[in-house]
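Here is what each chain is made of, one letter per residue.
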Amino acid sequence: MQGKGIIKFFAIVLALLSFYYFSLTWVVQKVEGDAREYAKGNPEKEKAYLDSVEQQPVYPVLNHTYQYCKSHELALGLDLKGGMNVTMQVSLRELVKKLGNNSPDPAFNQALTNAEKAQVNSQKDYITLFVEEYEKLNPSGKLATIFSTQDNQANLKFNASNDQVKTYLQDQANVAVKQSYTVLNTRIDQFGVAQPNIQLQQGTNRILIELPGVKDPERVRKLLQGTAKLEFYKTFDNQEVYPILANIDKLLAAKSKTATTKTADTAKAATAAKDTAAKGDGSLLGKLGKGTGKDSAAAVGKLKQQNANPLLSVLTPAVYQGQNGMQLLPGPAVGIARLQDTAKVNDMLRSAEAKSATPNNIKFLWDVKPRTDAKEKAFTLYAIKLSGAENGPVLTGDVITDAKADVDEKGRPDVQMIMNSSGAQSWKNITAEAAPSKAAIAIVLDDNVYSAPNVQNEISGGVSSISGNFTVEDTKDLANVLKAGRLPAPARIVNDAVVGPSLGQEAISAGLLSCVLGFVVVLVFMVVYYNRAGSVAVVAVLINVVFLMGVLISFGAVLTLPGIAGIVLTLGIAVDANVLVYERVREEMALGKSLKQAISDGFKHALSSILDANISTFLTATILLIFGSGPIKGFASTLMIGIVTSLFCSLLISRLIFEWMLEKGWDVKFSHAWSSHTFKNANYAFVKNRFKFYAFSGIFIAAGIVSIVTRGFNYGVDFQGGHNYIVQFKDSKIDAEQTREAVTKYLGVGKAEVKTFGSDKLSITTNYLLEDKSEDADAKVESALTKGLNEVSPNYTIVGRTKVDPTISNDLKTSASLTVIFAILVIAAYILIRFRKWQYSLGALVATVHDALLVMSFFSLFKDALPFSLDIDQAFIAAILTVIGYSINDTVVVFDRIREYLKFHNTKGEATEVVINNAINSTLSRTIITSLTVLFVLIVLFIFGGDVIKGFSFALLIGITFGTYSSICVATPVIIDFGKKGLK
C-alpha cells in the first residue's frame, strides 16, 4: 500500500482535531454543570454565574474563554434542545396597497385579493400574480397611473409600461423583505437566547428564525409581528446628562444604605445627593481617571468594587483622557455597559429614585449593535430628548421616500436619505436648529438607536447624507432601516414550531440509545460473521464516528434528531464498504491467492463498486441539503460528512490495520466455519423469473395508486397546513378516540385528528381558524383545544406546537415532488456517465421510480393499519430520497459485477441472460449482507429512536428492503429486456 505515511499523518491530525472539538463541548458542559450546582435551581443565579465567567479562561493550557468554547461547542437543533422555529412571511399585499396609495380602483383591489388566493396553489411570486390578475380584470389598464407619483419619478415614470411597473414592484418587494430581515435580526437579540439563527429564504418573501431554548413563545410571536416604528429624535449632550446620572447613582446608594432607617433620614440623604450632583461629581471622574480611559472592561471591573456607586459601577460614563484628567465626551452617548449589565441599568433607570431625579423629556435608549472597541460585548446608552406636547419624536419615518448605501467624496461609506416634500420642510427646520451647536439627531427603530449623526449644516431639499465610522454592511443595514418607516409591509408568522424542553430531552435520550445500540448490533454482527476481520471493521466504524462528530462540530453543524438518524445510517453505510471488500477478499482467496495478495486485490477490485455506491448516495444527500429545510438539512449534512469519513476509514484506515496485522504475523480470518460457504455456488433463476417479479411489483404499485387516488395519504401538518400539538398526559391510559370526541366539540366536526404518539402522548392536528389572519387566532385555537382536553384529563402538558400556513404547505408539497423527480434524474444521469450504456441508466431509473412508488403505495395502503403514524411530511421525503440513494448504492454493486462478467464471460459464447444471472448469483452474498447491516441499524433506530422519527425510520426500513429487492429483481431484468445485444 502506497502513501501509508501520509494516511497515518492525516489520520492522526484528524483524530487530534476531533478530540479537540469534542473537548470544547465537554468544557462547556462542565462549566454549565458548575453553574447549575451553584444556582441550585435558581435560573437567575445560574445566568449570573455564566455571565461572570463569560470572558474567563476555562479551557486548560489553551486558556479559551467560556464564550469561545460556547460558540464552538456541538450545537443542538430545536428538536433536541427545545425552543421555537418561526417562518415569517412579509405581507406583499399590504406593501403593494401602500405603494398604490390605497387606490380605490376596483380592478386594483380585486387583483390584490385574487393574487393572494392564487398564491396558495402557485409557484409564482405575489407581484407576478398581482400584475397578471390586474391585466385580466382591466386589459387596457395602465398600472403606472396607480403607482407612479411625484416622489418616485426617479424609479418609475408616469408613462411606464406594466412590465416596468412589475419590475419596480418586485424591487420594492425585495427591499421590504431585506428591511424586515434587518428589523427582525435586531428584535431576536431581545429574547436572550443562545445561538439564535435568522436566514432569508432566497427567492421568496419569507424569513426563517430559530430561537433555541426560548422561554415565552407568545411574547416572541407578538414581538416578531409588531410593525416597525422608525423615529427621529433630538438628543441631549453628555455634559447635560452626566450630573443627572450621578444624582441617580447617589440616590440609589442612599436607598441601599438607609433601607431600614426612617423616611426622614432617607429624604435628607437624597437632598444631600442632589446638592452634590448640582456641583458635578468630580470625585467619580477622578476615580475613572485612574483607568486607561480606553479599556472600558477594566473601568467596569474597578467600578464594580465601589459599592457606593450602584449605577455607575455597571454603567461606565462616556469619558476620555484629557490634559487635565478624565473629561466627559461630547455628544448624546452617556455611558457604556456590558451586555449582561444592560438589564440592571434599565431597572435602575426605571426605579422611583431615578424618575424623581430625571426630567420628563429624557428617554434613555441603547445602541442597536455592540461596540467594536470593547474586549467583551458592550452597548452604548444614548440620552434622547422627547419633543412636543406628547413627548415624542421630532419626525417619523413615513416621510422617507428612499434611502440607499452610498460613498462620500472621499470614498467613505455613507447613506443617502431622501424625504418627501412635507418631510423636507420639517427636516430643514430641525437641522437649522441643530446645526449651530452641531447637535446629534438620533435615528431610532423599535427603541434602538441605529445612528446618531451630528448635524453640520441646515439641510434643505430633503436629501441628506449620513456619514460616520461605517462599513459597507453598516450602510446597507441603515438604508434598510430608514426605508422601514416608508414601506409598512408587516411580516406575519406562517410556520411556527415550538418544542418543549422535556420533548427535546426525550429525543436526546432516544437518539443516544439508538446510536449506542446500533453500534453494538453492527459490532456483534461483523465479528460473528467475519471473524477477526470483522473486528477490524468495528475499529474502523468507531474511528469513523469520532471523525464524523469532530467534523460536524468543526463545521458548526447543528445536530438534529434526523441528524442522529443520519449518524445511525452512517454506521450501516460504513460497514457496507467493509462488507464489499471482505466478500471480494473471500472470492480472491477462493481462487487460491495468498492472504496478503487476496486482501490487496480485494480492496482494489471493490473500489469501483464502493465509490459508485457512495457517490450516488452522496448525490441524493446533496439534493436534500439544497432543497430541504430545518432538520432535513441536518440529516443531509450528517449523511454527506458520514459518507466521506466512512470512505476514508473503510478504504484507508482498515487497510492500514490489515497490513499492520500481517506484519505482526497474525492469522487474519474472514469467516467462521459456518459462514464461509454462505450463498456459495448460488444458482437462483432471477433472470428466468423476472416476469413474476414484474407482476408482483406491478400489482402492488397498481393497488397503491388506486389507494392513493381513492384514499389518499395521511398528510403531516407541514403538507396540509394547520395546527399540530403534542400533548403529554400523566395518565398514560388516555384514549385517542375519547380525546378526539372531546376536542371536536370546540374545534368543530372534521377539524381535529388525534393520534397516539408514544405511550403517554397524543398528536392532535386541526385546521380550526386556519384562514383567520388576526393576531389572536392562535390563542383562540389553543384555548378551544384546552377546553376539550380539560374534559378528558386536567393532568396534561403541551410539549410541542407547530403551525403551518396553507400557502407554505403547498409550496412544500410542490418542492418535495420536484426534489424527488430531480434526484431520480440526477442519479440516472450519473449511472449513464459511469457505465456508458443507456440500458444501465434506464434500469437505475426504473428501479428508483419503482422503489419510490412502492414506499408511497405502502404508506397509502396501510396508513391507518399500524399502531404508529404513517404521515407524509418533509421527513418522509428525506426518507424517500435516502431510499433512492441507497437503492442505487445496491444496484450499482450488482451492475458493477454484471459489467465485469459481460467483459470476461461473453467471449465464451454464453447467452447474455445466463452471464447476467451468474453475475447476480456471484454477488448475492455481498448484496444480502450489505443490506442486512443497514437493516439491523434501521431496526434499532425504529425501535429505540423515539416517536418523533418512527415514521421516518419505518419509511427507511421498508424502503431499503424494497431497494434490495429492486436491485436484483427489477433493475437487472430491465437492462436485459432493453439491451440484449447492446450490452455485449
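Definitions and limits used
- Residues numbered from 1 in each chain as written.
- Predicted model: local features only at pLDDT ≥ 70, side-chain atom pairs only at ≥ 80, totals over all residues.
- Heavy atoms only, no water.
- Helix = DSSP H or I, 4+ residues; strand = E, 2+ residues; numbered from the N terminus.
- Buried < 20%, exposed > 50% of the residue type's maximum accessible area, 1.4 Å probe, protein only.
- Contact = heavy atoms within 4.5 Å.
- Lys, Arg positive; Asp, Glu negative; His and termini not counted.
- Charge placed at Lys NZ, Arg CZ, Asp CG, Glu CD.
- Pairing = 2+ DSSP bridges.
- Axes fitted to C-alpha atoms, helices over the stretch in contact; angles between N-to-C directions.
- Parallel < 35°, antiparallel > 145°, perpendicular 65-115°, else oblique.
- Left-handed = near helix turned anticlockwise from the far one by under 90°.
- pLDDT = per-residue confidence, 0-100.
- Expected span 1.5 Å × (residues − 1).
- Salt bridge = Lys/Arg side-chain N within 4 Å of Asp/Glu carboxyl O.
- Core = buried A, V, L, I, M, F, W, Y, C linked by side-chain atoms within 4.5 Å.
- Phe/Tyr/Trp six-rings, centres within 6.5 Å; stacked < 30°, edge-to-face > 60°.
- Lys NZ or Arg CZ within 6 Å of the ring centre and 35° of its normal.
- Bend = angle between axes of the 7 residues up to and from the residue.
- Patch = residues over 30% accessible without salt bridge, like charges linked within 9 Å, V, L, I, M, F, W, Y side chains within 5 Å.
- Areas by Shrake-Rupley, 256 points an atom, 1.4 Å probe, with all protein chains shown as cover.
- Nonpolar A, V, L, I, M, F, W, Y, C, P; charged D, E, K, R; others polar.

Details of the overall build of the protein chain
Now for step 1: Scanning the protein chain from terminus to terminus reveals 33 helices and 25 strands.
Now for step 2: C-alpha extents for the protein chain along the principal axes are approximately 110 × 80 × 65 Å.
Now for step 3: Burial analysis of the protein chain (984 residues in total) assigns 54% to the buried set.
Now for step 4: Taking contacts inside the protein chain between residues at least 6 apart in sequence as the whole, the part at least 24 apart equals 74%.
Now for step 5: Seen as two clouds, the 99 positive and the 89 negative side-chain charges of the protein chain have centres 4 Å apart.

Overview of the sheet that holds strand E17 (residues 463–467)
Now for step 1: The antiparallel open sheet is built from 3 strands, whose spatial order is E13-E14-E17. With one partner strand each, in any of the chains shown, strand E13 (400–407) and E17 form the two edges of the open sheet. On average, each strand axis in the sheet is tilted by 20° relative to the strand beside it, whichever way the strands run.
Now for step 2: By the bridge criterion, 5 bridges tie strand E14 (residues 413–419) to E17 in an arrangement that is antiparallel. Paired with Met-417 across the bridge in E17 is Ser-464.

Brief notes about unusual backbone geometry
Now for step 1: One non-glycine residue with positive phi stands out, namely Val-61, at about 65°.
Now for step 2: Tracing the sequence through the fold places Val-61 in the loop between helix H2 (43–52) and helix H3 (66–71).
Now for step 3: Judged by relative accessible area, which is 77%, Val-61 ranks as exposed.
Now for step 4: Even without glycine at this site, Lys-438 takes up a positive phi of about 55°.
Now for step 5: Within the secondary structure layout, Lys-438 lies in the loop between helix H17 (421–434) and strand E15 (441–445).
Now for step 6: Relative accessible area serves as the criterion here: at 39%, Lys-438 is assigned to the partly exposed category.

Digging into the packing of helix H20 (residues 561–590) against helix H31 (residues 924–944)
Now for step 1: At a closest axis distance of 9 Å, the pairing of H20 and H31 adopts a crossing angle of 160°. It follows that H20 is roughly antiparallel to H31 by the angle criterion. Relative to H31, the crossing made by H20 is right-handed. Packed against H20, whose contacting residues are Ala-565, Val-568, Leu-569, Leu-571, Gly-572, Ile-573, Val-575, Asp-576, Val-579, Leu-580, Glu-583 and Arg-584, the element H31 presents Ser-925, Arg-926, Ile-929, Thr-930, Thr-933, Val-934, Val-937, Leu-938 and Leu-941 at the interface.

Quick notes on the confidence of the model for the protein chain
Now for step 1: With 90% of its residues at a pLDDT of at least 70, the protein chain reaches an overall mean of 81.
Now for step 2: Contacts of residues 260–306 to residues separated by more than four positions or lying in other chains number 55 contacts, the stretch itself having pLDDT below 50.

So, helix H1 (residues 4–39)
Now for step 1: Here H1 is 36 residues long and its end C-alpha atoms lie 52 Å apart, about the 52 Å a rise of 1.5 Å per residue gives.
Now for step 2: Just downstream of H1, Lys-40 is the residue with a positive phi angle, here 50°.

Digging into the environment of Thr-819
Now for step 1: One can find Thr-819 in helix H27 (residues 806–835).
Now for step 2: Spatially, the C-alpha atoms of Thr-819 and Ala-878 are 9.8 Å apart, while their sequence positions differ by 59 residues.
Now for step 3: When near neighbours in sequence (up to four residues on either side) are disregarded, Thr-819 contacts Ile-623, Phe-627 and Leu-881.

Here's the deal with the pairing of strand E8 (residues 325–328)
Now for step 1: Relative to E8, strand E7 (residues 319–322) runs antiparallel, the two being bridged by 4 bridges. Residue pairing in the sheet places Gln-321 in a bridge with Met-326 of E8.

Overview of the pattern of salt bridges
Now for step 1: Enumeration over the complete set of coordinates arrives at 28 salt bridges.
Now for step 2: Among the salt bridges present, the one from Asp-601 reaches Lys-604, with a minimum N-O distance of 3.9 Å. One end of the pair is Asp-601 and the other is Lys-604, both in helix H21 (residues 595–627) and 3 residues apart, which spans about a single turn.
Now for step 3: Ionic pairing is found between Arg-801 and Glu-782, a salt bridge with its closest N-O pair at 3.0 Å. Here the residue Arg-801 occupies a position in strand E24 (residues 796–804), and Glu-782 occupies one in helix H26 (residues 777–792), the gap between them amounting to 19 residues.
Now for step 4: What makes Glu-782 partly exposed here is its relative accessible area of 22%.

Some remarks on the sheet that holds strand E18 (residues 491–499)
Now for step 1: Spatial strand order, E3-E4-E2-E18-E24-E21-E23-E22: 8 strands in an open sheet with antiparallel pairing. Strands with a single pairing partner mark the edges of an open sheet, and in this sheet they are strand E3 (197–201) and strand E22 (752–756). Averaged over all pairs of adjacent strands, the angle between their axes in this sheet comes to 20°, without regard to strand direction.
Now for step 2: Lying over the sheet, helix H25 (residues 736–747) contacts E22 and strand E23 (761–766), oriented at roughly 160° with respect to E22.

So, the nonpolar core
Now for step 1: In terms of nonpolar packing, the biggest core is built from 154 residues, with Met-526, Tyr-582, Phe-658, Ile-831, Phe-859 and Ile-898 touching the most fellow members.
Now for step 2: The biggest single contributor to this core is helix H19 (residues 501–554), with 21 residues.
Now for step 3: Residues contacting Met-526, with those up to four places away along its chain left out, are Asn-531, Gly-534, Ala-537, Val-538, Val-575, Asn-578, Val-579, Tyr-582 and Thr-933.
Now for step 4: Counting residues in hydrophobic clusters, the runner-up holds 44 residues, among them Leu-129, Val-131, Ile-209 and Ala-489.

Concerning the packing of aromatic side chains
Now for step 1: Evaluation of the coordinates by the stated rule reveals 34 aromatic pairs.
Now for step 2: Here the aromatic rings of Phe-130 and Phe-147 are separated by 6.2 Å at their centres, their planes lie at 90°, and the arrangement is edge-to-face. Linking Phe-130 in helix H7 (residues 126–137) with Phe-147 in helix H8 (residues 144–147), this pair joins segments that are 17 residues apart in sequence. Each member of the pair Phe-130 and Phe-147 is classed as buried.
Now for step 3: Three or more aromatic residues joined by ring pairs make a cluster, and in this case those are Phe-525, Tyr-529, Tyr-530, Tyr-582, Phe-603, Phe-658, Phe-670, Trp-674 and Phe-936.
Now for step 4: Sitting over the ring of Phe-942, Lys-950 keeps its end group 4.6 Å from the ring centre.

A short note on H21
Now for step 1: The end-to-end C-alpha distance of H21 is 47 Å, a good match for the 48 Å that 33 residues give at a rise of 1.5 Å each.
Now for step 2: The largest bend in H21 amounts to roughly 40° and is located at Leu-607.

A word on the pairing of strand E16 (residues 448–451)
Now for step 1: The pairing of E15 with E16 spans 3 bridges and is classified as antiparallel. By the bridge assignment, Leu-445 is partnered in E16 with Asn-448.
Now for step 2: Hairpin geometry of E15 and E16 is characterised by an intervening segment of 2 residues between the two adjacent antiparallel strands and by a positive phi of about 55° at Asp-446.

What to know about the side chain of Arg-586
Now for step 1: Its location among the elements puts Arg-586 in helix H20.
Now for step 2: Judged by relative accessible area, which is 13%, Arg-586 ranks as buried.
Now for step 3: Residues contacting Arg-586, with those up to four places away along its chain left out, are Tyr-529, Tyr-530, Phe-670, Ser-671, Ser-675, Ser-676 and Thr-678.

Regarding a nonpolar patch on the surface
Now for step 1: On the surface, Val-516, Val-520, Leu-523, Val-524, Val-527, Val-528 and Trp-674 cluster together into a nonpolar patch covering about 580 Å² of accessible area.
Now for step 2: Note that Trp-674 resides in the loop between helix H22 (631–663) and helix H23 (690–710).

Side note on the side chain of Asp-367
Now for step 1: Tracing the backbone through its elements, the reader meets Asp-367 in the loop between strand E10 (362–366) and strand E11 (378–385).
Now for step 2: On the accessibility criterion, Asp-367 (17% relative accessible area) is buried.
Now for step 3: Among residues more than four places away in sequence, those in contact with Asp-367 are Phe-379, Thr-380, Tyr-382, Asn-448 and Val-449.

Section: the environment of Leu-569
Now for step 1: Here Leu-569 is to be found in helix H20.
Now for step 2: Sequence spacing of Leu-569 and Val-937 is 368 residues, and the spatial spacing of their C-alpha atoms is 6.9 Å.
Now for step 3: Once you skip the residues sitting within four places of it in the chain, Leu-569 turns out to touch Phe-635, Leu-639, Thr-882, Val-934 and Leu-938.

Quick notes on the packing of H20 against H21
Now for step 1: The interhelical angle for the contact between H20 and H21, taken along N-to-C directions, is 140°, at an axis separation of 7 Å. H21 is crossed by H20, and the crossing has right-handed handedness. Where H20 approaches H21, its residues Ile-573, Ala-577, Leu-580, Val-581, Arg-584, Val-585, Glu-588 and Met-589 are matched on the opposing element by Leu-595, Ala-598, Ile-599, Asp-601, Gly-602, Phe-603, His-605, Ala-606, Ile-610, Asn-614 and Thr-617.
Now for step 2: In the contact of H20 with H21, the residues fall into 12 nonpolar, 4 polar and 3 charged.

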